[in-house]
Amino acid sequence: CFVPAVEVKIEVVIPEKERSKEEMSPNGKASPLIYKVNGTARHYHLEEHPIAGNPYHNPKDVVEASVCHVKDLENGQMREVDLGCGKALLIKESGEFHAVGHKCPHYGAPLVKGILSKGRVRCPWHGACFNIGTGDIEDFPGLDSLPRFQVKIEKEKVYIRASKQALQTQRRTKMMAKCISLSNYNLSSTNVLIIGAGAAGLVCAETLRQEGFSDRIVMCTMDRHLPYDRPKLSKSMDSHPEQITLRPKEFFCTYDIEVLTEMQVVAVDIKSKIAVFKDGFKMEYNKLLIATGNTPKALSCKGKEMENVFNIRTPEDANRVVKLATSKNVVIVGASFLGMEVAAYLTERAHSVSVVELEEVPFKKFFGERVGRAIMKMFESNRVKFYMQTEVSELREQEGKLKEVVLKSGKVLRADVCVVGVGAVPATGFLKQSGINIDSKGFIVVNKMMQTNIPGVFAAGDAVTFPLALRNNKKVNVPHWQMAHMHGRIAALNMLAHGTEISTVPYLWTAMFGKSIRYAGHGEGFDDVVIQGDLDELKFVAFYTKSDEVVAVASMNYDPIVSKVAEVLAAGRTIRKRDVENPSQRLVFLFFRTGDMSWLTGKGS
């Protein structure tokens, strides 16, 4: 179908230096709940622990304050307002005022710096979207919604009435159903079985409960822990499991979501609707979600099995690498996102950090050569040594521990610790004889509703290929944290026969040396990169084009441009290459005139 081009006005705007430091996730203070399965006790007796009540039940918990005059805000504007005991985000759109939490529940980004468009606000850091009328989360990452506050107009003054608790927490968990009669279930059968306990699996389970599903839900995982914030394994390597848990153990008890840890499914019988576990246990299901993610690739050289050689897969892996790397020599094999984030994190702790990569420039296929070289230069200025266009031929040991990494170029690197980040493969080997459609690379093939070729069987996350609306429904694999969340939600809705199709814009970020690169879209196969800004100063916007169309955007130190472009793409608009080509200008700020999208006039955030 024809998608109309967007009118674009380009003008120079020099952004302020990014002042906000991305906060650690506030979730996960509690110890993880582990459902041990040893052949006998397979079922955890769930107790009820109510998490949230009506915030307005206690009058002492309520504050009301006048925050501005009605004429202080124009349509399409947002303002952070102080109610004395906390702040709220006041929004005016289409003549109406709305008030919600002012911080993104994901990592605490200030939403006043985000993008307002068609009844929702998009986070400037990682692209999560929230409905301004309800506060509900509509796109990810993150699990919680924003609290919504009452707004009233009296004598041309705007008043906000809010719960003090909500002002302090700045998050709201949606209402969820519980399992009606869990004690009556056969332990070896469930209505919904979710294989994998990452973002896709957890969001699927939560969405089912949010939509009123009151039957049994079982999640199973090979991991030892409850679902946790996996991106932090390489971005914040010394985080302990309880610090990065996405939900505390009480949450799973309250909403009757059972989690079986250290349990591996080795086969699925689609005819009998039975999952077979490694220890021989079998579980019947009615609906199945496969969200197994991927498995890190290992090195194929001599010595790959020796001590102190790591694929970072768990919090324990990350913690051990940090401990062993302190004041030692570290070699990272692979300039992948994981490899480069680990290299950046260890620089201040290790004696030396070296990166070995087959390509000539890091991230060349993803960010392009010019951006890749700028990133490489940043690493080199932080004492990281690169060995490019070569591979590891051998790992040598001394007294059973790693001592040297030998490269095919002949170079020998001193190494006390080696971290392998050479990519991953989908963890779908157990499905090869199942009848579920798997492509030549091992990815599960799904449609826009996350359905496989087998009725009642859905798949989500890093292990799938799905039709991406942004790229004319081309089947793609998008192994991003945000996308896994959305996959899980879409799968849950369609387990309940909602007929919902996925249409989200991919959004990712990487953090290195205190700087973040934001990225939105899907740039696979791009044929040119239009760069505005200063790569040497690491203040730039890069537009990735295919033919005449912008298919992706990346930026550093120029928020909220990526969220702005993501919102335009989400609206189904096309950005043309000529709209962003203007080499005489150092930086661009895009104002897209698209009907009622008032935020694009530049008057808002």
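For the structure, see preceding data.
Note that this is a predicted model, so its numbers are computed, not measured.

Calculation rules
Residues numbered from 1 in each chain as written. Predicted model: local features only at pLDDT ≥ 70, side-chain atom pairs only at ≥ 80, totals over all residues. Heavy atoms only, no water. Helix = DSSP H or I, 4+ residues; strand = E, 2+ residues; numbered from the N terminus. Buried < 20%, exposed > 50% of the residue type's maximum accessible area, 1.4 Å probe, protein only. Areas by Shrake-Rupley, 256 points an atom, 1.4 Å probe, with all protein chains shown as cover. Pairing = 2+ DSSP bridges. Core = buried A, V, L, I, M, F, W, Y, C linked by side-chain atoms within 4.5 Å. Polar contact = N/O pair within 3.5 Å; in protein donor to acceptor, adjacent residues only side chain to side chain.

Trainee: Before we go on, may I ask you to explain the overall build of the protein in this structure?
Mentor: Looking only at helices and strands, the protein has 12 helices and 38 strands in total. A total of 605 residues make up the protein; the buried ones form 56% of that total. For the protein, the computed accessible surface area is about 25,900 Å², with 46% contributed by carbon and sulfur atoms.

Trainee: Please explain helix H11 (residues 561–570) as it appears in this structure.
Mentor: Side chains three or four residues apart in an α-helix point the same way, a direct result of the helix having 3.6 residues per turn. Among the 10 residues of H11, nine are classified as buried, and the element is accordingly described as predominantly covered. The set of residues buried in H11 consists of Ile561, Val562, Ser563, Lys564, Val565, Ala566, Glu567, Val568 and Leu569. Just past H11, the residue Gly572 takes up positive phi, approximately 85°.

Trainee: How should I be thinking about the pairing of strand S16 (residues 274–277) in this particular structure?
Mentor: The side chains of a regular strand alternate, residue by residue, between the two faces of the sheet. Covered by surrounding structure in S16 are Ala275 and Phe277 only, the residues Ile274 and Val276 on the alternate face being uncovered. Counted between consecutive antiparallel strands, the loop separating strand S15 (residues 265–269) from S16 contains four residues, among which Lys273 sits at a positive phi close to 55°. In this structure, S16 lies alongside strand S17 (residues 282–284), joined through three bridges in antiparallel fashion. Paired with Ala275 across the bridge in S17 is Met283.

Trainee: Quick question: what am I supposed to make of the nonpolar core here?
Mentor: Soluble globular proteins tend to pack their nonpolar side chains together in the buried interior. The biggest cluster of nonpolar side chains holds 101 residues, and the ones touching the most others in it are Leu193, Leu289, Ile290 and Phe466. No other element matches the eight residues that helix H10 (residues 481–495) contributes to this core. Listed in part, the 50 residues of the second largest apolar core include Tyr228, Met237, Val322 and Leu538.

Trainee: Honestly, the pairing of S15 in this entry has me stumped. Any pointers?
Mentor: Bridging between S15 and S16 involves four bridges; their strand directions are antiparallel. Opposite Asp269, over in S16, you have Ile274 as the bridge partner.

Trainee: Hey, could you run me through the side chain of Asn131 in this one?
Mentor: Its location among the elements puts Asn131 in strand S8 (residues 129–131). A polar atom in the side chain of Asn131 sits 2.7 Å from the backbone nitrogen of Gly133.

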